[in-house]
Amino acid sequence: MNLSQLCADAQKGDKKAENQLFTKLFERFLPIAGYRIRNRQDAEEVCQIALETILAKYKEIEFDEGFASWAVKVLDFKIRKYFDKRKHPLQDTTEMEGIEQNQAGLVEQPDFKLRDKLLECLKKIGKRNNRYARIIVMQFQGYKIDEICEKLNTTPNNVYVLLSRSRSLLKQCLEPGDTHEPGQ
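Bear in mind the structure is a predicted one, so any value in this text is a computation, not a measurement.

The rules behind each value
Residues numbered from 1 in each chain as written. Predicted model: local features only at pLDDT ≥ 70, side-chain atom pairs only at ≥ 80, totals over all residues. Heavy atoms only, no water. Helix = DSSP H or I, 4+ residues; strand = E, 2+ residues; numbered from the N terminus. Expected span 1.5 Å × (residues − 1). Contact = heavy atoms within 4.5 Å. Polar contact = N/O pair within 3.5 Å; in protein donor to acceptor, adjacent residues only side chain to side chain. Salt bridge = Lys/Arg side-chain N within 4 Å of Asp/Glu carboxyl O. Buried < 20%, exposed > 50% of the residue type's maximum accessible area, 1.4 Å probe, protein only. Phe/Tyr/Trp six-rings, centres within 6.5 Å; stacked < 30°, edge-to-face > 60°. Lys NZ or Arg CZ within 6 Å of the ring centre and 35° of its normal. Disulfide = S-S within 2.5 Å. Core = buried A, V, L, I, M, F, W, Y, C linked by side-chain atoms within 4.5 Å.

### Some thoughts on helix 3 (residues 40-57)
End to end, helix 3 covers 26 Å across 18 residues, agreeing with the expected 26 Å (1.5 Å per residue, within 8%). Its buried side turned inward, helix 3 meets helix 2 (15-37), helix 4 (67-86), helix 7 (130-140) and helix 9 (156-174). Measuring from the side-chain oxygen of the N-cap residue of helix 3 to the backbone nitrogen of Gln41 gives 3.1 Å; that N-cap residue is Asn39.

Structure below.
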């Protein structure tokens, strides 16, 4: 079944079609985003943000056969927004130096402070909602979306939303100077 038909069925309230639609979109989006971004985790996050936007808006728009092209335009916009954030003039230059060293093949020593901060943040996130911490750990461990769905007994759409929220909370917690609970 093509994306336009899945979209039409999902707009009529077919949850199975909606799940298939977003699974197929993610499968199509990831290679596109991965090719342009060159970082799998960032590419997945951009795809999830795009899917979240599409999920919020696709029911309000009438598509003849243009759903796929509209969805790709949403993804393209989110990719451009990702690069715009990276080009921000106040970006830390030491971070860029670390990226260049990694690409040159140099081995870094583990950052124990970062590891401890990450664990602390995961505990904070877990206190807020255990599913957020669990889903981000599962993704880090390499579980595929369908495996996460099965383990958490949920839909791909819900997994994308949970991943996006948990990543936002993690990023918020890891920001320098952050001392409060995530989401407060």
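### Describing the pattern of salt bridges
Should their charged atoms come close, side chains of opposite charge can pair. Counted according to the given criterion, the structure contains 8 salt bridges. Salt-bridge contacts for Lys59 lead to Glu18; the nearest nitrogen and oxygen are separated by 3.7 Å. With Lys59 in the loop between helix 3 and helix 4 and Glu18 in helix 2, this pair connects stretches of sequence that are 41 residues apart. The partner of Arg36 in a salt bridge is Asp76, with the nearest N and O atoms 2.6 Å apart. You can see Arg36 sitting in helix 2 and its partner Asp76 sitting in helix 4, a full 40 residues away along the chain. For Arg36, a relative accessible area of 33% corresponds to the partly exposed category. Where salt bridges share partners, they join Lys15, Glu18 and Lys59 into one cluster.

### What about the packing of aromatic side chains?
Scanning all chains against the criterion turns up 6 aromatic pairs. Plain terms: the ring middles of Phe63 and Phe67 are 5.2 Å apart, the flat faces sit at 85° to each other, and that makes the pair edge-to-face. Taken together, a centroid distance of 6.0 Å and an interplanar angle of 45° make the contact between Phe67 and Trp70 tilted. You can see Phe67 and its partner Trp70 sitting in helix 4, 3 residues apart, about one turn around the helix. A single burial state applies to Phe67 and to Trp70, both of which are buried. Among the aromatic residues, ring-to-ring pairing joins Phe63, Phe67 and Trp70 into one connected group. The positively charged end of Arg38 is found above the aromatic ring belonging to Tyr35, 4.8 Å away from the centroid.

### Things to note about the state of the cysteines
Linking two cysteines covalently through their sulfur atoms gives a disulfide. This structure, assessed with the given rule, holds 1 disulfide. The disulfide partner of Cys121 is Cys173, and the gap between their sulfur atoms is 2.1 Å. On the sign convention where negative is left-handed, the bridge of Cys121 and Cys173, at about -85° about the S-S bond, is left-handed. Here the residue Cys121 occupies a position in helix 6 (residues 112-128), and Cys173 occupies one in helix 9, the gap between them amounting to 52 residues. As far as burial versus exposure is concerned, Cys121 and Cys173 are alike and both buried.

### Things to note about the nonpolar core
In terms of nonpolar packing, the biggest core is built from 47 residues, with Leu21, Leu25, Phe29, Ile54, Tyr58 and Phe67 touching the most fellow members. Of all the secondary structure elements, the ones that give two or more residues to this core are helix 1 (3-11), helix 2, helix 3, helix 4, helix 6, helix 7, helix 8 (145-152) and helix 9. Here this core takes 9 residues from helix 2, the largest share from any one element. Residue contacts for Ile54: discarding those within four places in its chain leaves Phe22, Leu25, Phe29, Phe67, Trp70, Ala71 and Val74.

### Here's the deal with the environment of Thr154
Mapped onto the elements, Thr154 comes out in the loop between helix 8 and helix 9. What makes Thr154 buried here is its relative accessible area of 18%. Residue contacts for Thr154: discarding those within four places in its chain leaves Arg131, Cys149 and Val159. In this structure the side chain of Thr154 is engaged in a polar contact, spanning 2.7 Å, whose partner is the side chain of Asn158.

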